Amino acid sequence: HALGRVAKVSSRNPWKCILISLLGCLLCGVGFLRFNAVSKARELWVDQASQQMKNLDWVEGYFAAGGRPCRLIITAKDGGNVLEFEKMREVFQVADDVRALLDGNGKVFADFCVLSQNSCFNAGVLRYIGNTSDFNETIESTADVLSAINAERYPDGADAYPSDSLGGIQRNASGSVISAAALRVDFILGLDQSAEEVKTWELAVTELFADDQLSKQSYSTVNVFVNAQRSQDDELNRTVQADIPLFAVAFVLMATFCSIFLGKAASWTQSRRLLGTVEFYLVLFGCIAGYGTAMLLGVPFTVLQQILPFILVGIGIDDAFVICGAFDATDPSLGFPERMEKAIQRVGVSITLTKVTSLAAFLLGATCAFPSVQYFCYYASTSVFFIWLLHLTTFCALLTLDAQRQAAKRLDPFLCVAASRCLPAQATEDKQREPLGEALAAMIRLLTGNVFGIVVTLLLFLAVACVSLWQVSSGLSTDFDIMDLSPDQSFLRDFYNMEQEHFGGLSTGGLALPTAYYVRDVDFSTVEVQRYLEELGAEIVTLDGVNQDRGLKSWHSVFTLWANSHRGTKASLPTGAFVSVETNRTGCTAALPAGVTSCASAFLTGSTFATAVREFLTTRMGSQFEDDVIFVENQIKVARLRAVHTNTVNSNQQVELLEETERLSEAWQGKLPGSFMSSQAYIFFDQYRIIVAQMTSSIGLCLGAVLVISALVLAHPLSVLIVIIVLALVFMDLIGNIILWGLDLNSISMINLVMAVGLVIDYSMHMAHNFSLQNSALSRKKRAELAVREMGQPIFLGVCTTFLAILPLGFSSSQAFRVFFKMFFGIVLAGGSHGLIFLPVLLSVMGPTMSVETSAGSDEGISNVEDASKESANAEEEIKTEAV
């Protein structure tokens, strides 16, 4: 009744209501001034409070990144060996072109590069040879190229591993590289440079190798694919721009559908073409208010929020169909405000219930650990609130104005033209039942007419749910590829495809994924701790997930050899500070350099230990470890041991790798408290591990909210139970839908499952609530039929609207948008069929026998109640027949 009174006030003052609503939406839209877009993967797709994220944050506080890489992958244009002399000469020409490139600020690579021995550091395959002058002086044939590539060390003395720079490697019987399908050239930019200036240079590089965001190949013997640090953000931001035509098509489809089916499309006066179009924009105003409010509250904006309006328009228009259906069912002899009050009294509770449930689902979905899901749910919840508010106020005002137009027999959409001026006189149209509603009611009458129809219908839906559950029992893939958010046609996607093909997908934990074990806040000068470091290193290299061929990089093992070889020759290496140890001690050989077979016979201890380590790190032997030891107040604060992981091809292997390192860290807490193993990729591996638990928790909370809210509104326990059964079956189908489409369970599919709660509630709650409003003197079957007759058409049209909203996403240039289409296709199909078929059939069998009590006169003037009253004359006989 309170909702009805609000609608009545809006109907009596339509223009004031519309003006206040629009001003309120625009006022909320001021929040767009605080627009803050976030696109970094680690800020969106991983648990910010996880132990792995805490470890990584701690590591980055002490160990700065080596630089900002701009990477080229180069392949042979003929698909052959890229190490052939002529091709390598062109590789160096490519490098020279990059070095000579002038950006928009007139700067070149040398202005930003990381220096090594007073010149720009050569990374990737260039490190084997040097710059172009070195190539011209030392390389005369393919054999010379292979000789350089097969060296055990780079010219600067660091250990060399061909798999770091070469892909698709072929070796001869002795293990030497004889060919490669691809190679890497890296240009490392210093982190001390201006971020904006660096981005300007990176943009110039991408434009050198890409035209209109597509890879361009301008060299005669090689193909070049580029990836700069800024490229991922640029391509994510371009995703929506590439699909703008599709978005326009979606909006036109939804506005057209709404304008046709909101009223009687064949009539020039009883149609609601203009109202349907305005309704579409009303929902968009609700989105503006919701987005503005979220931004005002400081919620970041992501690429996924660009999909949300399509879904919200579908949800919002559902309410318009329901309100129009209820308004048309009222007594036309009443005044428009009174009719609006009656209509909202009839359907306002179910509309409010569905929106409150959606709000609760989104807010509870925001408890998920992943920021991308949290932000999406915040924007969805604020938008749903404003859409609900606008439909119970502004739409009622708009519907009243349209009803006044119909009563005055003015044309739709030409408001100022009277029908009598251009149309022949027409007889007054009698109120007729909608044919779609009648057809749906006839379907339910057919299915519930005998026991066979009921049993077959229920068993069919249960069988589909069981098959989905059986599919889930075989396991869900939890992989996530950030490139799914970028356009299909993209220079960056070309780069990642080449990397995946030739290098094993390093971005997701491939051959050269570095890792390190961090030891902190211990006295490194003691024999005990130094023995622990050796034993720990030995255990690291025995891990299944660590590349045995690459071995362990331990500053301590090499330092100990250096210290013993210089014993007594430096003030920091006094002979008396050395403590003898066994040369065959456990673990000491794990990190010995190539060519060294015996361990050091003594450990340096005492107060000069830290000074000696500092001196060691400045030597040629120790320079490769200069970033592995951090000093605070002339003491070693933290040090690390480095290793490289083996190739991992899916999320299951990556989770196993992560858990193996966590077990190692846990085992060493007694000897080295606070120590841990960490890598940048671990935060993403942790995402794969917790996604199923996060989904189960979020969906469980959403279903719990549905249970509580339904219990408060539907009142009858049996109605609540039936709605929960329907939701449970739909979610089984949706999980099966993930497997059917070959999708992964990740943040994107999880967002869809949370959204499904709101949509499925829309499809089911209206029907369950309307069933409870039917005359309790009638049989369950008759009440189910009447509920479908009244609510079937609005629900069916709502399903169609949502499908039209997401249909263009199926043709999107982004895989992520296509995932939304596939998921929502399952949602509208499963949710709509359960709401229109399964639920009415189930209600006809076990629906509550008592209806919701309403105060006197609350249903007076509503045509479906009058129909039910006419039917009730035969109710007693019908009940007797059922009993027999």
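Above this text sits the structure in question.
Counting starts from 1 at the beginning of each chain's written sequence and moves along it residue by residue. Two thresholds apply to this predicted model, a pLDDT of at least 70 for residue-level local features and 80 or more for giving and counting side-chain atom pairs, whereas whole-chain, interface and lining totals are computed over all residues. The side-chain values count all of the structure's non-hydrogen atoms but skip hydrogen atoms and water molecules.

A. Representation of the overall build of the protein. A run of DSSP states H or I qualifies as a helix once it reaches four residues; a run of E qualifies as a strand once it reaches two. Both are numbered from the N-terminal end. Helix and strand content of the protein: 30 helices and 18 strands. Projected onto its principal axes, the C-alpha coordinates of the protein cover approximately 110 × 55 × 50 Å. Throughout, exposure labels follow a simple rule: accessible area from a 1.4 Å probe, protein chains only, divided by the maximum for the residue type, with under 20% read as buried, over 50% as exposed, and the rest as partly exposed. Residue burial in the protein is summarised as follows: out of 884 residues, 55% are buried. In the protein, of all internal contacts separated by at least 6 residues, the share reaching a separation of at least 24 is 78%. Entry remark: accessible area of the protein is about 36,200 Å², with carbon and sulfur atoms responsible for 58%. When charges are counted, Lys and Arg are positive and Asp and Glu negative, with His and the chain ends excluded. The atom standing in for a charge is NZ when the residue is Lys, CZ when it is Arg, CG when it is Asp and CD when it is Glu. Across the protein, 62 positive and 87 negative side-chain charges occur, with their mean positions spaced 6 Å apart. It only takes one pair of heavy atoms within 4.5 Å for two residues to be counted as in contact. Only the protein chains shown count as cover for residues, and the accessible areas themselves come from Shrake-Rupley with a 1.4 Å probe.

B. The pattern of salt bridges, seen in detail. Criterion for a salt bridge: a side-chain nitrogen of Lys or Arg within 4 Å of a carboxyl oxygen of Asp or Glu. Tallying each qualifying case throughout the model produces 37 salt bridges. A salt bridge links E341 to K8; the nearest nitrogen and oxygen atoms lie 3.5 Å apart. One end of the pair, E341, is in helix α13 (residues 336-365); the other, K8, is in helix α1 (residues 2-12), and 333 residues separate them in sequence. Here K8 falls in the buried class, since its relative accessible area comes to 18%.

C. Molecular detail of the pairing of strand β17 (residues 635-644). Most of β17 sits out of view: seven of its 10 residues are buried. Here, a strand pair is defined by DSSP locating no fewer than two bridges between the strands. Here strand β12 (residues 514-520) runs beside β17; their pairing, made up of seven bridges, is antiparallel. Bridged to R520 within β17 is V638. Pairing geometry for strand β13 (residues 553-554) and β17, over two bridges, is antiparallel. The residue of β17 that forms the bridge with K553 is R642. Alignment of strand β16 (residues 629-632) against β17, held across four bridges, turns out to be antiparallel. Note that in β17 the partner of V632 across the bridge is Q635. In this antiparallel pair of consecutive strands, β16 and β17, the connection spans two residues, and E633 shows a positive phi of 55°.

D. Summary view of the packing of aromatic side chains. Between rings of Phe, Tyr and Trp, where Trp is taken as its six-membered ring, a pair exists when centres lie within 6.5 Å; planes separated by under 30 degrees are stacked, by over 60 edge-to-face, and by other angles tilted. One pass over the structure, following the stated rule, counts 36 aromatic pairs. Where F109 meets W201, the ring centres are 5.6 Å apart and the plane angle is 35°; that geometry is what we call tilted. Here F109, found in the loop between α5 (85-100) and β2 (115-116), pairs with W201, found in helix α8 (residues 195-209); they are 92 residues apart in sequence, far enough to count as distant. Residue F109 is classed as buried on the basis of its relative accessible area of 3%. Given the relative accessible area of 0%, W201 is considered buried. With a centroid separation of 6.0 Å and 75° between ring planes, the pair formed by Y532 and W668 is classed as edge-to-face. Here the residue Y532 occupies a position in helix α20 (residues 527-541), and W668 occupies one in the loop between α23 (651-667) and β18 (676-678), the gap between them amounting to 136 residues. What makes Y532 buried here is its relative accessible area of 15%. On the basis of relative accessibility, which here comes to 3%, the residue W668 falls in the buried class.

E. Representation of helix α14 (residues 371-392) within the structure. Helix span, as expected, comes to 1.5 Å for every residue beyond the first. Taking 1.5 Å as the rise per residue, α14 with 22 residues should run 32 Å; its terminal C-alpha atoms sit 32 Å apart, in good agreement. In terms of residue burial, α14 counts as a mostly covered element, since 19 of its 22 residues are buried.

F. View of the side chain of S39. Relative to the elements of secondary structure, S39 occurs in the loop between α2 (14-28) and α3 (41-44). Here a polar contact is recorded for every N or O atom pair within 3.5 Å, except that within protein the pair must consist of a potential hydrogen donor and a potential acceptor, and residues adjacent in sequence are included only if both atoms are side-chain atoms. A polar contact of 2.8 Å, which involves the side chain of S39, links it to the side chain of D233. Not counting the four nearest positions on each side in its chain, S39 is found in contact with L44, D233 and L236.

G. Focus on the environment of L842. Within the fold, L842 resides in helix α28 (residues 815-846). Beyond its immediate chain neighbours, meaning those up to four positions away, L842 contacts L458, I722, I725 and G847.

H. The environment of R127, seen in detail. The residue R127 is located in the loop between β4 (123-124) and α6 (132-138) in this model. Separated by 554 residues in sequence, R127 and A681 place their C-alpha atoms 25 Å apart. When sequence neighbours within four positions are dropped, the list of residues in contact with R127 reads F121, N122, Y154, P155, D156 and A158.

I. Representation of the packing of helix α10 (residues 244-261) against helix α12 (residues 308-328) within the structure. Only the stretch in contact is used when a helix axis is fitted, and all axes are lines through C-alpha atoms; the angle between N-to-C directions ranges over 0 to 180 degrees. Interhelical geometry of α10 versus α12 gives an angle of 5° and a closest axis separation of 12 Å. Comparing their axes, α12 and α10 come out roughly parallel. Of α12, the residues touching α10 (which contributes F247, A250, F251, M254, F257, C258 and F261) are F310, V313, I317 and F321. For this scheme, ten residues count as nonpolar: Ala, Val, Leu, Ile, Met, Phe, Trp, Tyr, Cys and Pro. Four count as charged, namely Asp, Glu, Lys and Arg, and the remainder, Gly too, count as polar. The residue makeup of the contact of α10 with α12, split by class, is 11 nonpolar, no polar and no charged. Roughly parallel covers angles under 35 degrees, roughly antiparallel covers those over 145, roughly perpendicular covers 65 to 115, and oblique covers all other angles.

J. Here's a closer look at the pairing of strand β1 (residues 68-76). With respect to burial, β1 is a largely interior element, seven of its nine residues being buried. Across eight bridges, the pairing between β1 and strand β8 (residues 182-189) is antiparallel. Considered in β8, the bridge of C70 is made with F187. For β1 and strand β11 (residues 222-227), the ladder comprises six bridges, and the chain directions are antiparallel. The residue of β11 that forms the bridge with A76 is V222.

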